[in-house]
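Secondary and tertiary structure notes
Listed below are the residues making up each chain.
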Amino acid sequence: MTLSPIETALLTTLREAHGRAVASWRLYEVAWGLKADYDGYRLCLKVYICKLRRKAGVKIKAERGFGYRLQG
């Protein structure tokens, strides 16, 4: 399995949270260096999370209105 640099950064951040939810703005910051919640990147983040679920076989739960949490 080969992950892109963005996928690796997102997965590492989620793993380091030890099951706690990570805010979307934090994931934007990690992946793209953005300091704010940009609407244009909301869909991009969803796409990368979907890719991680498929490629890495991890369970990532969306926390509505907040961010994402790695399960298991």
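Higher on the page you've got the structure.
Residues numbered from 1 in each chain as written. Predicted model: local features only at pLDDT ≥ 70, side-chain atom pairs only at ≥ 80, totals over all residues. Heavy atoms only, no water.

Notes on the sheet that holds strand 1 (residues 22–23)
Taken together, three strands build an open sheet; the order of strands is 1-3-2 and the sheet is antiparallel. Both edges of this open sheet fall to strand 1 and strand 2 (59–63), since each of them pairs with a single strand only. When strand 2 meets strand 3 (residues 67–71), the two strands line up antiparallel, connected through five bridges. Within strand 3, the position partnered with K59 by the bridge is Q71. (Pairing = 2+ DSSP bridges. Helix = DSSP H or I, 4+ residues; strand = E, 2+ residues; numbered from the N terminus.)

Thoughts on the packing of helix 2 (residues 24–32) against helix 3 (residues 39–56)
In the contact formed by helix 2 and helix 3, the axes pass within 11 Å of each other and the chain directions differ by 80 degrees. The pairing of helix 2 with helix 3 is recorded here as roughly perpendicular in orientation. For the pair formed by helix 2 and helix 3, the contact residues are S24, L27, Y28 and W32 on the first element and Y41, R42, C44, L45 and Y48 on the second. Looking at side-chain class alone, the contact of helix 2 with helix 3 contains seven nonpolar, one polar and one charged residues. (Axes fitted to C-alpha atoms, helices over the stretch in contact; angles between N-to-C directions. Parallel < 35°, antiparallel > 145°, perpendicular 65-115°, else oblique. Contact = heavy atoms within 4.5 Å. Nonpolar A, V, L, I, M, F, W, Y, C, P; charged D, E, K, R; others polar.)

Some words on the packing of helix 1 (residues 5–16) against helix 3
Running from amino to carboxyl end, helix 1 crosses helix 3 at an angle of 80 degrees, the nearest separation of the two axes being 10 Å. Judged by the inter-axis angle, helix 1 sits roughly perpendicular to helix 3. Here I6, E7, L10, L11 and L14 of helix 1 lie close against helix 3, whose contacting residues are L45, Y48, I49, K51, L52, K55 and A56.

Remarks on unusual backbone geometry
Negative phi characterises most residues that are not glycine, and trans characterises most peptide bonds. Phi is positive for H18, close to 50 degrees, though the residue is something other than glycine. In this fold, H18 is placed in the loop between helix 1 and strand 1.

Focus: the pairing of strand 3
Bridge analysis of strand 1 against strand 3 gives two bridges, and the strand direction is antiparallel. Looking at strand 3, one finds that V22 is bridged to Y68. Between strand 2 and strand 3, which follow one another and run antiparallel, lie three residues, and G65 among them has a positive phi close to 75 degrees.

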